Amino acid sequence: ALFDAQVLAVLNLLSSVVLYNSLGVIDRSAVERLSQAVDTAFTMSYFEAKESDSKLSRPTLLWVIQNFHLELEAAGKTMGGGEWLESVLKTMDRSNNGSASIHHQFAHFFNGISAQPLPY
């Protein structure tokens with residue numbers, strides 16, 4: 001996990017896009033693993049206080065989901081990748097009785113987030 005965080009911190013400095021590839025459905029454990037890496041990488045990063053300045057240097061997260069049957073929808077409504085991923089993260093935060101703020105953490109670390117399903 002520390003190695004993942006170190007790689008994420010370096011990617012934060014060098015990349016404009018971070019591709020995170022996963023197989024199957026996005027579940028709580030996958031989100032929590034990425035959240036832990038983001039939290040550790042954030043402490044290693046050079047931006048902390050100046051949120052307005054750091055938008056230019058932060059990468060965008062593109063979560064590539066290898067799942068043949070995944071459709072990006074919630075409540076019967078088809079969504080774009082970013083809107084769908086934000087909905088998933090907010091739902092996970094609400095299911096923790098508001099004790100987790102993964103959506104806020106990702107929004108603060110990444111310039112934007114999106115998801116793209118790919119058949120495998």
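Throughout this description, residue numbers start from 1 for each chain and increase along the sequence as written. Confidence filtering applies because this is a predicted model: local features only for residues at pLDDT of at least 70, side-chain atom pairs given and counted only at 80 or more, and all residues used for totals across whole chains, interfaces and linings. With hydrogens and water stripped out, all remaining heavy atoms of the structure feed into the side-chain values.

Section: the packing of helix 4 (residues 81-95) against helix 5 (residues 102-109)
Okay, so step 1: What counts as an axis is a line fitted to C-alpha atoms, over the stretch in contact for a helix, and the angles between N-to-C directions run from 0 to 180 degrees. Numbered from the N terminus, helices here are DSSP runs of H or I no shorter than four residues, and strands are runs of E no shorter than two. Contact geometry of helix 4 with helix 5 gives a least axis separation of 7 Å together with a crossing angle of 135°. When the axis of helix 4 is compared with that of helix 5, the two are oblique. Of the residues in helix 5, those in contact with E86, L89, K90 and D93 of helix 4 are I102, H103, H104 and F106.
Okay, so step 2: For the contact of helix 4 with helix 5, the residue count by class is 3 nonpolar, 2 polar and 3 charged. Our angle categories are set so that under 35 degrees counts as roughly parallel, over 145 as roughly antiparallel, 65 to 115 as roughly perpendicular, and the remainder as oblique. When checking whether two residues touch, look at their non-hydrogen atoms; a contact exists if any pair is within 4.5 Å. Amino acid classes used here: Ala, Val, Leu, Ile, Met, Phe, Trp, Tyr, Cys and Pro are nonpolar; Asp, Glu, Lys and Arg are charged; the rest, including Gly, are polar.

Observations concerning the pairing of strand 5 (residues 112-118)
Okay, so step 1: A simple rule labels every residue: compare its accessible area, found with a 1.4 Å probe on the protein chains alone, to the largest value its type can have, and call it buried under 20%, exposed over 50%, or partly exposed in between. Only one face of strand 5 is buried, namely the one carrying I113, A115 and P117, since none of G112, S114, Q116 and L118 on the opposite face is buried.
Okay, so step 2: Here, a strand pair is defined by DSSP locating no fewer than two bridges between the strands. Here strand 2 (residues 60-66) pairs with strand 5 via 7 bridges, running parallel. Paired with V64 across the strands is Q116, a residue of strand 5.

Examining the environment of D27
Okay, so step 1: As for its placement among the helices and strands, D27 is situated in the loop between strand 1 (17-23) and helix 2 (28-44).
Okay, so step 2: Sequence-wise, D27 and M92 are 65 residues apart; in three dimensions their C-alpha atoms are separated by 9.2 Å.
Okay, so step 3: Under this definition, polar contacts are N or O atom pairs within 3.5 Å; protein pairs additionally need one hydrogen-donor-capable and one acceptor-capable atom, and for neighbouring residues in sequence, both atoms have to be side-chain atoms. In terms of polar contacts, D27 uses its side chain to reach the side chain of S29, at 3.2 Å.
Okay, so step 4: Among the polar contacts made by the side chain of D27, one reaches the main-chain amide nitrogen of A30 at a distance of 3.0 Å.

Details of the environment of L8
Okay, so step 1: On the secondary structure map, L8 appears in helix 1 (residues 2-14).
Okay, so step 2: In this structure, the C-alpha to C-alpha distance between L8 and D39, residues 31 residues apart in sequence, is 10.0 Å.
Okay, so step 3: For L8, the residues in contact, after removing those within four places along its chain, are V18, L34, A37, V38, A41, F109 and F110.

Details of the confidence of the model for the chain
Okay, so step 1: Each residue carries a pLDDT score, the predictor's own confidence in it, on a scale running from 0 to 100. Averaged over all residues, the pLDDT of the chain equals 77, while 80% of them reach at least 70.
Okay, so step 2: Element-level pLDDT for the chain is lowest in helix 3 (residues 51-54), with a mean of 51, against a maximum mean of 88 in strand 2.

Observations regarding the sheet that holds strand 2
Okay, so step 1: Read across the sheet, 3 strands follow the order 1-2-5 without closing on themselves; strand pairing throughout is parallel. Single-partner strands in this sheet number two, and they are strand 1 and strand 5. Here the strands of the sheet are splayed against their neighbours by 20° on average, with no regard to which way each runs.
Okay, so step 2: Lying over the sheet, helix 4 contacts strand 2 and strand 5, oriented at roughly 105° with respect to strand 5.

Some details on a nonpolar patch on the surface
Okay, so step 1: A contiguous nonpolar surface patch, about 320 Å² in accessible area, is contributed by V10, L13 and L14.
Okay, so step 2: Along the chain, V10 falls in helix 1.
Okay, so step 3: When its relative accessible area of 45% is taken as the criterion, V10 is described as partly exposed. Residues enter patches when they are more than 30% accessible in relative terms and free of salt bridges; like-charged ones are connected within 9 Å and nonpolar ones (Val, Leu, Ile, Met, Phe, Trp, Tyr) within 5 Å. Only the protein chains shown count as cover for residues, and all accessible areas are computed by the Shrake-Rupley method using a 1.4 Å probe. Any Lys or Arg side-chain nitrogen located within 4 Å of an Asp or Glu carboxyl oxygen qualifies as a salt bridge.

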